[in-house]
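If you want the building blocks of each chain, they are given just below.
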Amino acid sequence: MNLQPPTLNQPPFLKVCGLTKPDQIQELISMNVDFLGFIFYEKSPRYVLNHLSQEEISAIDHHGKTGVFVNEKMDIILQMVQKAGLNFIQLHGDESDDFIVELRQKLNPAVGIIKVIRIGSNAAENKIKITQTFNFQQTTCNLQPVTYYLFDTDSKAFGGTGKQFDWNVLNELEIPLPYFLSGGISEDNIGNIEMLKQQPFALDINSKFEIEPGYKNIDRIREFKSLYQQNK
């Protein structure tokens, strides 16, 4: 599935990641949250299969179920897509270009791929990493292996830091695809998104809106959603 980017006067879409509790998932669906993120990385404190079965995830009636994988084997990803009824695959590790191309070829065409670009503190390394990723998409444009990018703060834990990277990096780029903005987004910095020349397709929130890993503060998410919609 491929959502159309928001228009100039519309707020970005919203993705809530690290979900583990069925009642909270239903509340988010009732709030019209656009993407529901489920982490299939065993080392994560939000590893979804410790809380929900593949069949339970599949039964969730939503168009934006996103499975987050970190350097996972391809057959495992394909199995999870089928058994958990995923709409999007988020590749949050160091997956190679060849891996992404092969995955795209084996996936149902309706399932989108979100490629994460982790932004660290070294500007030179960031530039090389981003340039290589963009060039890969352009040289394989007939296949279009990646649907969206996602920019997140780099960490050994592969995300979930609650820390913001330097968003000025994005203003130095011509980003060839719609992108998700992640990494420490909260009420405190939502206004700064206006400074981005290329506005994000979606905002991805997680640890800043938790009481504990996997247990979301739904009231705060509701207030945040109302706040950034008012800013537009």
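Everything below is about the structure shown above.
These figures come from a predicted structure and were not determined experimentally. (Residues numbered from 1 in each chain as written. Predicted model: local features only at pLDDT ≥ 70, side-chain atom pairs only at ≥ 80, totals over all residues. Heavy atoms only, no water.)

1. Quick look at unusual backbone geometry
Located in the positive-phi region is asparagine 32, a residue other than glycine, with phi close to 65 degrees. The topology assignment puts asparagine 32 in the loop between α1 (22-30) and β2 (35-39). The phi dihedral of asparagine 71 is positive, around 50 degrees, even though this residue is not glycine. As for its placement among the helices and strands, asparagine 71 is situated in the loop between β3 (65-69) and α3 (74-84). (Helix = DSSP H or I, 4+ residues; strand = E, 2+ residues; numbered from the N terminus.)

2. Comments concerning the sheet that holds β3
Around the barrel, eight strands lie side by side as β1-β2-β3-β4-β5-β6-β7-β8; this closed barrel has parallel pairing. When the angles between neighbouring strand axes are averaged without regard to direction, this sheet yields 25 degrees. Two elements, strand β1 (residues 13-16) and β2, share two bridges in a ladder whose sense is parallel. Paired with lysine 15 across the bridge in β2 is phenylalanine 35. Against the sheet, helix α4 (residues 97-106) contacts β4 (88-91) and β5 (112-119), and its axis sits at roughly 160 degrees relative to β5. (Pairing = 2+ DSSP bridges. Axes fitted to C-alpha atoms, helices over the stretch in contact; angles between N-to-C directions. Contact = heavy atoms within 4.5 Å.)

3. Comments concerning α1
For α1, the complete set of buried residues consists of Gln24, Ile25, Leu28 and Ile29. Down the axis, α1 shows its buried residues gathered within 145 degrees of arc, on one side only. With respect to the buried face of α1, the exposed residues turned more than 90 degrees away are Asp23 and Ser30. Buried residues in α1 make contact with β1, β2, β10 (215-216) and α6 (218-230). (Buried < 20%, exposed > 50% of the residue type's maximum accessible area, 1.4 Å probe, protein only. Arc of directions from axis to C-beta.)

4. With respect to the pattern of salt bridges
Counted according to the given criterion, the structure contains 10 salt bridges. Close ionic contact of glutamate 27 with arginine 222 constitutes a salt bridge, the shortest N to O distance being 4.0 Å. Pair noted here: glutamate 27 is in helix α1 and arginine 222 is in helix α6, with a separation of 195 residues, a long-range link. You can call glutamate 27 partly exposed: its relative accessible area is 32%. (Salt bridge = Lys/Arg side-chain N within 4 Å of Asp/Glu carboxyl O.)

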